[in-house]
Amino acid sequence: MGEDRRLVAVVALAQGMAAAHTPRESWRAAALGACRALSGGFAALSVWERDLGRLRVLVNVGDLAADEDEFPDGEAYPVHQFPEITEFLHERWVGGGEPDAWVETAQGPAAGRPGYCHQRVAALRRRGRGSCVVAPVVLHGRAWGELYVARSVGTPVFDRADADFATVLAAVVAAGLAQTERLEEARRLAFTDALTGLANRRAVDVRLEEAVERHRAEGVVVSLVVCDLNGLKRVNDTLGHAVGDRLLERFGSVLSLCGAMLPGALAARLGGDEFCLLAVGPLADEVVKVADDLCRRAGGLELGEGVACGVASTEDPIGPVTSARRLFRLADAAQYRAKAVRAVRPVVAGREGPDDPVVRLADEPSHERTAERRRFRGRR
C-alpha cells in the first residue's frame, strides 16, 4: 500500500472513531478502520483485563467464523494462553522495548516478535485464516489491549511493513479510545447528580420521554415515583448544610437500594430535597410495594423526618398518558398530597375513585395547581 493510501486510511479510521457516539460504536469503528487499512478480512479489538487475568474481545468485524459474534458477551481468553500479553505488551515495553506489532501465520511467526504462539496459530487454522497482525494498544501509558487483523488463506501474508503500519493504526485507535473516554465522562457528568451520584433531572427527562414513547407504541407500563425528603430545611438551619448533605446522600443510598428491586429502574435526584424512581416494565403494584418500602426505610433515617412519596403509573386509572409531562404532573401531585396529609405511605394517583383528587389536581390549569400546592404546603 502506498504512503498516500495509508495516510487516507489513517484519516478514515480517526474520523470513524471521532464520529462514534458510544463506546461500542467507537470499538467497531476502530476494528473496521484497521481491517480496511490493512486489507484484512477480519479484525477484532480486545481489552486486557488485568484484574481477571484475561483478554476480552470487545468487537469482531469482517468475515466472522461460526463461533464469533460482532459484540460477544463472553469471548475471553486467559492470558496464560497468550504469554506475549504479559511478556511483550507489558514487561518488554516497560523494560525499554517498543510496543510494536508482530505477525503470525498458520505456519508460525512471519515478522516481528514475540514469536510462535500456539493458541493464535491454532485459531488461524481453525477459522481458515492464513495470517494475522497483532498490535498492542497503549492508553494512558499502559498496555490497554490489542488490535488484531487477519487475512484468509490464499491471500497475501502480512509482512514487516504491515506490522509497522499496524503499530501506527494502534496508536490512532488509542487516541480515539481516549477521546471516547472523555466524551463518556462528560456525558456521565451531564446526567449525574454530583452530591448523591444518582441520575439528575436531565437524565430523568430524557429517559421518561423515551419510556412514554414506548408506552404509546407498545403498551409497556411506565411508573414514576416522586418523593420529597422531609425535614431537610430544619437540618440545614440547625445543624448546617454539611449535615444536610449527608442526609441527602443517605437517602440517595436508600433510594438506590430500593430502586434495585425494580429491574432497570432509574434512581434520580431532581434537585434540592426532591428525588424520583422511574420504572419501565414492572407492574404498578410492584412499584407501589417498593415505594412503600422506601417510605419505611426513609422513616428510619437519623435526623430526617421521613419522606412524602407519590406514585403515578400508566397501569392505573389516570386517563391517557400521551406525554412525559402528564405522568410527571400526576406523580408530582400525588407527592404533594402525601405531603399535605402527612402520609407515611405512598399516595398513588388514580386509586381514590372516579373523582381522584390527585388526578384532578394534576389536570388543573397550572395557576390553579400552583395555588393548590401552596395550600397543601401550608398545612405542614
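Each chain has its residues counted from 1, following the order in which its sequence is written. Local features in a predicted model are, by the rule used here, given only for residues with pLDDT of at least 70; side-chain atom pairs are given and counted only at 80 or more, and totals for whole chains, interfaces and linings are based on all residues. Side-chain measures were taken over the full set of non-hydrogen atoms in the model, leaving aside hydrogen atoms and water.

A. Local environment of the packing of aromatic side chains. Pairing of aromatic rings covers Phe, Tyr and the six-membered ring of Trp, with a centre-to-centre limit of 6.5 Å; geometry is then stacked below 30 degrees between planes, edge-to-face above 60, and tilted otherwise. Summed over all chains, the structure comprises two aromatic pairs. Between Arg 24 and the ring centre of Phe 71, over which it is positioned, the NZ or CZ distance is 4.4 Å. Counting as a charge over the ring demands two things of the Lys NZ or Arg CZ atom: a distance within 6 Å of the ring centre and an angle within 35 degrees of the ring normal.

B. Structural view of unusual backbone geometry. Although it is not a glycine, Leu 303 sits at a positive phi angle of roughly 80°. Put simply, DSSP H or I for four residues or longer makes a helix, DSSP E for two residues or longer makes a strand, and each gets a number counted from the N terminus. Checked against the element boundaries, Leu 303 lands in the loop between α9 (284-299) and β11 (307-313). Only protein chains enter the area calculation, which uses a 1.4 Å probe; residues under 20% of their type maximum are buried, those over 50% are exposed, and those in between are partly exposed. On the accessibility criterion, Leu 303 (30% relative accessible area) is partly exposed. Positive phi outside glycine occurs at Arg 342, with the angle close to 55°. Positionally, Arg 342 belongs in the loop between α10 (324-340) and β12 (347-348). The exposure class of Arg 342 is exposed, given its relative accessible area of 56%.

C. Representation of the environment of Lys 289. Summarising the element assignment, Lys 289 is placed in helix α9. Judged by relative accessible area, which is 66%, Lys 289 ranks as exposed. Expressed as a C-alpha distance, the spacing of Lys 289 and Cys 258, which sit 31 residues apart in the sequence, is 9.9 Å.

D. Fine view of the packing of helix α7 (residues 232-239) against helix α8 (residues 241-259). Lines are fitted to the C-alpha atoms to define the axes, a helix being fitted only along its stretch in contact, and any angle between axes, read from their N-to-C directions, falls within 0 to 180 degrees. Between α7 and α8, whose axes approach to 7 Å, the crossing angle comes to 150°. Of the residues in α8, those in contact with Leu 232, Val 235, Asn 236 and Leu 239 of α7 are His 241, Val 243, Gly 244, Leu 247 and Leu 248. Each residue is assigned to one class: nonpolar for Ala, Val, Leu, Ile, Met, Phe, Trp, Tyr, Cys and Pro, charged for Asp, Glu, Lys and Arg, and polar for all the others, Gly among them. Of the residues contributing to the contact of α7 with α8, the split by class is six nonpolar, three polar and no charged. Any pair of residues with heavy atoms lying within 4.5 Å of one another is described as a contacting pair.

E. Representation of the pairing of strand β7 (residues 142-152). Within β7, nine of the 11 residues are buried, which leaves it mostly tucked inside the rest of the structure. Here six bridges tie strand β1 (residues 42-49) to β7, and the two strands are oriented antiparallel to one another. Opposite Ala 44, over in β7, you have Tyr 148 as the bridge partner. Two strands pair if DSSP finds at least two bridges between them. One ladder, built from 10 bridges, connects strand β6 (residues 129-139) with β7; its direction is antiparallel. Looking across to β7, one finds that Val 137 is bridged to Gly 145. The antiparallel pairing of β6 with β7 creates a hairpin that spans two residues between the two strands, and His 140 there sits at a positive phi of about 55°.

F. Structural context of empty space enclosed by the protein. A cavity here means a set of 1 Å grid points, computed over protein atoms only, where a 1.4 Å probe fits but cannot escape. A pocket is an open set with protein on both sides within 12 Å along at least 5 of 7 lines, and lining residues have an atom within 4 Å of a point. Grid points are joined across faces, edges and corners, and a volume is the space filled by probe spheres set on the points. Tallying each qualifying case throughout the model produces one cavity of 30 Å³ or more. When its volume is computed, the largest cavity comes out at roughly 30 Å³. Around the largest cavity, the lining residues are Met 17, Ala 20, His 21, Thr 22, Gln 179, Thr 180, Leu 183 and Arg 187. For the lining of the largest cavity, the element with the highest residue contribution is helix α5 (residues 160-190), accounting for four residues. Residues of the lining of the largest cavity, tallied by class, amount to three nonpolar, four polar and one charged.

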